[in-house]
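# Chain and residue survey
So the chains spell out like this:
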Amino acid sequence: MDKNSTKTTQENEISLKEEDSNYPLSNTLLTSINSNFGDNAKIVYKKEYRSKIMVKPENLVETALFLRNNHGFDHVESASGTDYPADNEIELNYHLGSYSNIDYYPYIVILSTRVNRDDPKSNSLINIFPSVEYHERETYEMLGVYFLGHPRNERFILPEDWADIPPLRKDFRIKGR
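Not measured: the values here are computed from a predicted model. (Residues numbered from 1 in each chain as written. Predicted model: local features only at pLDDT ≥ 70, side-chain atom pairs only at ≥ 80, totals over all residues. Heavy atoms only, no water.)

Spatial strand order, β1-β2-β5-β4-β3: five strands in an open sheet with mixed pairing. A single partner strand is all that each edge strand has here, and the edge strands are β1 (41–46) and β3 (75–84). Across this sheet, the average inter-strand angle for adjacent strands is 20°, counted without regard to direction. Bridge count for β3 against strand β4 (residues 89–97) is nine bridges, and the pairing is antiparallel. Bridged to S78 within β4 is H95. Here helix α3 (residues 60–71) sits on the sheet and contacts β2 (50–55), β4 and β5 (108–116); the angle it forms with β5, its principal contact strand, is near 170°. Contacting β3 and β4, helix α4 (residues 133–143) crosses the sheet at an angle of about 10° to β3. (Pairing = 2+ DSSP bridges. Helix = DSSP H or I, 4+ residues; strand = E, 2+ residues; numbered from the N terminus. Axes fitted to C-alpha atoms, helices over the stretch in contact; angles between N-to-C directions. Contact = heavy atoms within 4.5 Å.)

In structure tokens, the structure reads:
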């Protein structure tokens, strides 16, 4: 990571303060994450009904299981990826929601990780959240991230004979332009 990227990351990471009562639901959830994962989960931001947690790729599945089993986040509402060529990384974002825990019904947790752009692989969350199937397939196809354990890392939008780099990579160029 370059200096600017590292500085931005450090500025975005927040510390949890016990006296911060503006977002009690956020504080309860994030304190639980912090106490169970420590430095393996960084709180990027917290708002009243939305928080972002950054984990290392090797902690993605464990964190997702914790959120499902201990807090009732039972589905992925959406998932996305962003290419950061300057950092040589691709960021994966899973937007988790809950139908089963009424307290967290309006709340979205963004569970994020970053993978190496040169060999983009991540563990799939399909065995924890079946709703992630098409989101991971689209991320595989559009950004080239291979999801370990996903039964269908295959094309479903692009033509089968697609031979170029994934089209959502920043260095993708339409031929002839």
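It is worth spelling out the pattern of salt bridges at this point. Tallied over the entire structure, the rule returns 12 salt bridges. Of the charged contacts in the structure, one is a salt bridge between D39 and K42, with a shortest N-O distance of 3.8 Å. Judged by its relative accessible area of 63%, D39 falls in the exposed class. Taking the relative accessible area as the measure of exposure, K42 reaches 31% and is therefore partly exposed. (Salt bridge = Lys/Arg side-chain N within 4 Å of Asp/Glu carboxyl O. Buried < 20%, exposed > 50% of the residue type's maximum accessible area, 1.4 Å probe, protein only.)

The terminal C-alpha atoms of α3 lie 16 Å apart, and with 12 residues this matches the ideal 16 Å at 1.5 Å per residue to within 8%. Listed in full, the buried residues belonging to α3 are L60, T63, A64, F66, L67 and H71. The buried residues of α3 occupy an angular sector of 155° when the element is viewed end-on, so they sit on one face. Remark: G72 follows α3 within two positions and exhibits a positive phi of approximately 80°. (Expected span 1.5 Å × (residues − 1). Arc of directions from axis to C-beta.)

A separate point is a nonpolar patch on the surface. A surface patch of nonpolar side chains, amounting to about 430 Å² of accessible area, comprises Y99, I102 and Y105. Tracing the backbone through its elements, the reader meets Y99 in the loop between β4 and β5. Take Y99: its relative accessible area is 59%, and that puts it in the exposed class. (Patch = residues over 30% accessible without salt bridge, like charges linked within 9 Å, V, L, I, M, F, W, Y side chains within 5 Å. Areas by Shrake-Rupley, 256 points an atom, 1.4 Å probe, with all protein chains shown as cover.)

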